[in-house]
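Structural characterization, general
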Amino acid sequence: MTATPCPLCDKPASAAHRPFCGPACRDRDLLQWFGEGYRIPGPEIAPDGLDSTAEPD
């Protein structure tokens, strides 16, 4: 079986922290998720339409 590199730093992955090399890369990835660093772009939403209670036609 070939060693899979860490997706953040390309060092060999650790069995204890797979798919990451260690706790630092694992925590860095988790912070990206918490900080919305991993987002898929979508259509813009008008800010004035977010709090509107009117129903669309």
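Right, let's walk through the structure included here.

**Thoughts on the environment of Cys-6**
When you line up the elements, Cys-6 lands in the segment before helix H1 (23-34). Along the sequence, Cys-6 and Phe-20 sit 14 residues apart, while their C-alpha atoms lie 4.6 Å from each other. With residues up to four places along the chain from it excluded, the contact list for Cys-6 reads Lys-11, Ala-13, Pro-19, Phe-20, Cys-21 and Cys-25.

**What to know about H1**
The end-to-end C-alpha distance of H1 is 16 Å, a good match for the 16 Å that 12 residues give at a rise of 1.5 Å each. One or two positions beyond H1, positive phi appears at Glu-36, with a value near 60°.

**Quick look at the side chain of His-17**
For His-17, the position within the fold is in the segment before H1. Side chain to side chain, His-17 and Arg-26 meet in a polar contact 3.1 Å long. Residues contacting His-17, with those up to four places away along its chain left out, are Gly-22, Pro-23 and Arg-26.

Reading guide: rules and limits
Residues numbered from 1 in each chain as written. Predicted model: local features only at pLDDT ≥ 70, side-chain atom pairs only at ≥ 80, totals over all residues. Heavy atoms only, no water. Helix = DSSP H or I, 4+ residues; strand = E, 2+ residues; numbered from the N terminus. Contact = heavy atoms within 4.5 Å. Expected span 1.5 Å × (residues − 1). Polar contact = N/O pair within 3.5 Å; in protein donor to acceptor, adjacent residues only side chain to side chain.

What is shown is where atoms sit, not what they do.
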